[in-house]
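Structural overview
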Amino acid sequence: MGLIDDVIYVLLDYDAIISSIGIVHPLVREMGENWFNEKIFTIEKAIYYVREQQKKYM
């Protein structure tokens, strides 16, 4: 997908949190592509993105 390992780890953790059925490959792939398009290439940006998304749904 073009993402570094640390960003992928955050992506997988985020998916595990939001998905009630566990990690789903198509969902992870779609989210990864979205993160790539949003230019989320560092762990700092990934964590910031996750926190902002969580704020929207709280």
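Check the entry above for the structure.
About the thresholds
Residues numbered from 1 in each chain as written. Predicted model: local features only at pLDDT ≥ 70, side-chain atom pairs only at ≥ 80, totals over all residues. Heavy atoms only, no water. Helix = DSSP H or I, 4+ residues; strand = E, 2+ residues; numbered from the N terminus. Rg over C-alpha atoms; globule rule 2.2 N^0.38 Å. Axes fitted to C-alpha atoms, helices over the stretch in contact; angles between N-to-C directions. Parallel < 35°, antiparallel > 145°, perpendicular 65-115°, else oblique. Left-handed = near helix turned anticlockwise from the far one by under 90°. Contact = heavy atoms within 4.5 Å. Nonpolar A, V, L, I, M, F, W, Y, C, P; charged D, E, K, R; others polar. Salt bridge = Lys/Arg side-chain N within 4 Å of Asp/Glu carboxyl O. Buried < 20%, exposed > 50% of the residue type's maximum accessible area, 1.4 Å probe, protein only.

1. Some words on the overall build of the protein
Looking only at helices and strands, the protein features 3 helices and 0 strands. Element order for the protein, N to C, with α for helix and β for strand: α-α-α. By the compact-globule yardstick of 10 Å for 58 residues, the protein fits well, its C-alpha radius of gyration being 11 Å. For the C-alpha atoms alone, the extent of the protein along its principal axes is close to 25 × 25 × 15 Å.

2. Notes on the packing of helix 1 (residues 5-18) against helix 3 (residues 43-56)
Two measures define how a pair of helices packs: the angle their axes make with one another and the distance between the axes. Following both chains from N to C, one finds helix 1 and helix 3 inclined at 20 degrees, their axes separated by 8 Å at the closest point. One way to sum up the angle between helix 1 and helix 3 is to call them roughly parallel. Considering the relative orientation of helix 1 and helix 3, their crossing is right-handed. Counting all contacts with helix 1, which are made through D6, V7, V10, Y14 and I17, the residues of helix 3 involved are I43, A46, I47, V50, Q53 and Q54. Partitioned by chemical class, the residues of the contact of helix 1 with helix 3 number 8 nonpolar, 2 polar and 1 charged.

3. Structural notes on the pattern of salt bridges
Evaluation of the coordinates by the stated rule reveals 2 salt bridges. Where R29 meets E33, a salt bridge forms, and the shortest distance between an N and an O atom there is 3.7 Å. You can see R29 and its partner E33 sitting in helix 2 (residues 25-37), 4 residues apart, about one turn around the helix. For R29, a relative accessible area of 41% gives the class partly exposed. E52 serves as the salt-bridge partner of K55, at 3.2 Å between the closest nitrogen and oxygen. With a gap of 3 residues between them, K55 and E52 both fall in helix 3, about one helical turn apart.

All we've got here are geometric facts, nothing functional implied.
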